[in-house]
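Spelled out from the first residue to the last, the chains are:
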Amino acid sequence: MATPTTFWRLAGMSYVQYVTRASSAVRNAAKEPAKSKLAANSKFSYNASVWEGGVQGKKVEIDVLSKAGI
Amino acid sequence: MALRFATQRAASRAIAKNMQVRGMATEKQIFNQIQATKNIRKITSSMKMVSAAKLKGDEGRLFKARPFNAWTTALCGEPKLCEDATYEELPQKCLLVPFSSERGLCGGVNSFISRNTRNIVSILASAGKECDIVVIGDKGRAQLGRTVGEKIIRSTTDIESPGTFDLAAGITTELVAAGAADYDAVVLIYNSYVNPAVYKQMYKVITPFSGEGEDEPMMEYEFEPDTKSEVMKDLYEMAITSQVFHSFMDAAAAEQSSRMSAMESASKNAGEMIDSLTIKYNRARQARITTELIEIISGAAALED
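Residues numbered from 1 in each chain as written. Chains lettered and ligands numbered in written order. Predicted model: local features only at pLDDT ≥ 70, side-chain atom pairs only at ≥ 80, totals over all residues. Heavy atoms only, no water.

Asker: How would you sum up the overall build of chain A? Please name residues and give values.
Answerer: Along chain A, the regular secondary structure elements total 3 helices and 3 strands. When the helices and strands of chain A are read in sequence order from the N terminus, they spell out α-α-α-β-β-β. The C-alpha radius of gyration computed for chain A amounts to 16 Å, which surpasses the reference 11 Å derived for 70 residues by more than 25%, pointing to a less compact arrangement than a globule. Based on the C-alpha atoms only, the size of chain A along its principal axes is roughly 50 × 35 × 10 Å. Across the 70 residues in chain A, those meeting the buried criterion constitute 29%. Across chain A, contacts joining residues at least 24 apart in sequence account for 7% of those joining residues at least 6 apart. (Helix = DSSP H or I, 4+ residues; strand = E, 2+ residues; numbered from the N terminus. Rg over C-alpha atoms; globule rule 2.2 N^0.38 Å. Buried < 20%, exposed > 50% of the residue type's maximum accessible area, 1.4 Å probe, protein only. Contact = heavy atoms within 4.5 Å.)

Asker: So what about the environment of Glu89(B)? Which residues, and what values?
Answerer: Residues and elements named next belong to chain B. Considering the arrangement of structural elements, one finds Glu89 in the loop between strand S1 (80-81) and strand S2 (93-98). With 144 residues separating them in the primary sequence, Glu89 and Lys233 have C-alpha atoms 22 Å apart. If near-sequence neighbours (up to four positions away) are discounted, Glu89 is found in contact with Lys80, Tyr203 and Val205. A distance of 3.2 Å separates the side chain of Glu89 from the side chain of Lys80, its partner in a polar contact. (Polar contact = N/O pair within 3.5 Å; in protein donor to acceptor, adjacent residues only side chain to side chain.)

Asker: Explain a nonpolar patch on the surface to me, using residue names and the numbers behind them.
Answerer: All names here are of chain B. Taken together, the side chains of Ile289, Leu293 and Ile297 define a hydrophobic patch exposed on the protein surface, amounting to about 270 Å² of accessible area. By the secondary structure assignment, Ile297 is in helix H7 (residues 228-304). With a relative accessible area of 54%, Ile297 lands in the exposed category. (Patch = residues over 30% accessible without salt bridge, like charges linked within 9 Å, V, L, I, M, F, W, Y side chains within 5 Å. Areas by Shrake-Rupley, 256 points an atom, 1.4 Å probe, with all protein chains shown as cover. Salt bridge = Lys/Arg side-chain N within 4 Å of Asp/Glu carboxyl O.)

Asker: Describe the confidence of the model for chain A, listing the residues and the values that go with them.
Answerer: Summary statistics for chain A give a mean pLDDT of 89 and a share of 97% for residues scoring 70 or more. Per-element confidence in chain A ranges from a low mean pLDDT of 87 for helix H1 (residues 7-10) of chain A to a high of 94 for strand S1 (residues 46-52) of chain A. (pLDDT = per-residue confidence, 0-100.)

Asker: With reference to specific residues and values, describe the packing of aromatic side chains.
Answerer: All names here are of chain A. Using the criterion set out here, one finds 13 aromatic pairs over all chains in the structure. Ring geometry for Phe7 versus Trp8: centroids 5.1 Å apart, planes at 75°, classification edge-to-face. A relative accessible area of 53% places Phe7 in the exposed class. Among the residues examined, Trp8 registers a relative accessible area of 12% and is labelled buried. Centroid distance Phe44 to Tyr46: 6.0 Å. Interplanar angle 25°. Geometry classified as stacked. (Phe/Tyr/Trp six-rings, centres within 6.5 Å; stacked < 30°, edge-to-face > 60°.)

Asker: I'd like a description of the interface of chain B and chain A, backed by residues and values.
Answerer: Taken together, the contact pairs 30 residues of chain B with 34 residues of chain A. Counting the surface lost from both chain B and chain A, the interface buries some 2600 Å², and carbon and sulfur atoms represent 52% of this. It is Asp166(B), Glu230(B) and Asp234(B) that lose the most area in chain B upon contact with chain A, and together they represent 21% of the buried surface on that side. Across the contact surface, chain B and chain A share 4 salt bridges. Asp158(B) serves as the salt-bridge partner of Lys59(A), at 3.4 Å between the closest nitrogen and oxygen. Inspection of the region where chain B meets chain A yields 15 residue pairs in polar contact (both at pLDDT 80 or more). Of all the secondary-structure elements, those providing two or more residues to the side of chain B that touches chain A are helix H5 (138-147), strand S4 (152-157), helix H6 (165-177) and H7 of chain B. Tallying contributions element by element places H6(B) first for the side of chain B that touches chain A, with 9 residues. Its residues assigned to classes, the side of chain B that touches chain A comprises 9 nonpolar, 10 polar and 11 charged. As judged from the 4 bridges shared by S1(A) and S4(B), these two strands associate in the antiparallel manner. (Buried area = accessible area lost by both parts, 1.4 Å probe. Nonpolar A, V, L, I, M, F, W, Y, C, P; charged D, E, K, R; others polar. Pairing = 2+ DSSP bridges.)

Structure below.
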């Protein structure tokens, strides 16, 4: 695979991870009351599981992007 | 003697009251049924009001997501209706991503998505094409797990609502981990909100922006620096994330509208059931009163004799 040239790939992030981190940084830079109003936009949670041969595997809770896709 | 008669009549009345005629509900049972149905009607009408309030929030989020996602139309084309679709344009190897809800009592939203997904799987199989499925939502997982479970490679369930762009980013990361870049297309299948009474099943086809020679995408643009393959990879992931975000918002609004009309129908049906049970109850009550009057009058007539 070719050496990545973009700084987010060099840091080990995908573009989508970089964009979501940048958005969180902008939201954290806001002043009150906008800051608390926007804080909810950074939050998410779901359970991911890998299936093998039609059988669901163990559920893993994902609430930060760094845990996703494992 | 009169006292003995009265005691015997009271005893026979008590026995008759406790005896259940097979197939016919007693007055008490009908009354209990009416009370239970009234409680259910209260629950369904409060669920309808809660859904109406949530629909307002989901509609607002959807109306913001639509212009946010508008740029993907130029690259991926417009979403298409699942109804009467032939799916001929789907390539050899597809990753299907059906969007379903977490909670039930929401009408037919999940059944329609499951049915359409199974339909696509069978059409692709008959055309000699391959597909795998990544299910979003617990209800879809349960329904599709029973029917096309061998095609499922990943599932995301227990999704906290309301959805955010970060959630869409997480789902896209799951799709990439499932090998989205290796498939010829990612197909999103979801319910699209039209109005509080109508929703339609739609699908979007997102193909990777890669190709050689004539198939090379965006030939009319120059890339500076010349890292077109990297940019295309980033663009593909961003396009999937944006489309997943819009589809999730659309599906959430459709789910709430469907739940609202399902609970409205349930409340109306409960009301009709209460009316018919009340008539039945009154008939049973009148029959009991008539029987008691006859006994009293017969007893009084016997005493006179």
